[in-house]
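One letter stands for each residue in the lines below.
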Amino acid sequence: MKRSDIIRTIQVQFKNMRTSDAMTVLDTVMDEMIAAIASGDRIEIRGFGSFQMRKHSTKNGYNPTTGETMIVPAGKTVLFKPSRDLTKKMNG
């Protein structure tokens, strides 16, 4: 599903909504989710899943082409954990 599909679905649900208004709604929700995750908060959407920031520590790695060792810097990523309901629906 693409961004435009979500916007179209919002417009179908709210029949008198303009495309620009649906885009504003989606952008606002996404901006708030990004800000929450960036500040370290956990987002839980009941029946869908949860999002949270995961920190990775610095570790030693190697370049597979040259075999040279290198340091992989610490970083952050987003972890998504699906809800039981979503998992049940996916598995039939």
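Computed from a prediction, not measured in an experiment: that's the story for all the values here.

(A) Inspection of the environment of Glu32 at higher detail. Within the secondary structure layout, Glu32 lies in helix H2 (residues 19–38). Sequence spacing of Glu32 and Arg18 is 14 residues, and the spatial spacing of their C-alpha atoms is 22 Å.

(B) Highlighting the packing of aromatic side chains. Enumeration over the complete set of coordinates arrives at 3 aromatic pairs. Ring geometry for Phe48 versus Phe51: centroids 6.5 Å apart, planes at 35°, classification tilted. Among the residues examined, Phe48 registers a relative accessible area of 38% and is labelled partly exposed. What makes Phe51 buried here is its relative accessible area of 17%.

(C) Just the sheet that holds strand S1 (residues 43–45), in detail. Taken together, 3 strands build an open sheet; the order of strands is S1-S2-S5 and the sheet is antiparallel. With partners counted over all chains shown, the strands left at the sheet margins are S1 and strand S5 (75–82), one partner each. Direction aside, the axes of adjacent strands within the sheet are offset by 25° on average. The pairing of strand S2 (residues 49–56) with S5 spans 8 bridges and is antiparallel. Each bridged residue has a counterpart across the sheet, and for Met53 the counterpart in S5 is Val78.

(D) Looking closely at the nonpolar core. Grouped together as the largest cluster of nonpolar side chains are 5 residues: Met33, Ala36, Ile37, Ile43 and Phe51. Setting aside residues no more than four positions away along its own chain, Ala36 makes contact with Asp41 and Ile43.

(E) Representation of the side chain of Ser83 in the model. Locating Ser83 in the fold gives a position in the loop between S5 and helix H3 (84–90). A polar atom in the side chain of Ser83 sits 3.2 Å from the backbone oxygen of Gly47. Side-chain polar atoms of Ser83 contact the backbone nitrogen of Leu86, separated by 3.2 Å. When near neighbours in sequence (up to four residues on either side) are disregarded, Ser83 contacts Gly47, Phe48 and Gly49.

(F) Up close: the pairing of strand S4 (residues 69–72). Note that strand S3 (residues 59–62) and S4 share 4 bridges and pair antiparallel. Bridged to Tyr62 within S4 is Thr69. In textbook terms, the turn of a hairpin is the stretch between consecutive antiparallel strands, and for S3 and S4 this stretch comprises 6 residues, one of which, Gly67, has a positive phi near 80°.

Rules of the game
Residues numbered from 1 in each chain as written. Predicted model: local features only at pLDDT ≥ 70, side-chain atom pairs only at ≥ 80, totals over all residues. Heavy atoms only, no water. Helix = DSSP H or I, 4+ residues; strand = E, 2+ residues; numbered from the N terminus. Phe/Tyr/Trp six-rings, centres within 6.5 Å; stacked < 30°, edge-to-face > 60°. Buried < 20%, exposed > 50% of the residue type's maximum accessible area, 1.4 Å probe, protein only. Pairing = 2+ DSSP bridges. Axes fitted to C-alpha atoms, helices over the stretch in contact; angles between N-to-C directions. Core = buried A, V, L, I, M, F, W, Y, C linked by side-chain atoms within 4.5 Å. Contact = heavy atoms within 4.5 Å. Polar contact = N/O pair within 3.5 Å; in protein donor to acceptor, adjacent residues only side chain to side chain.

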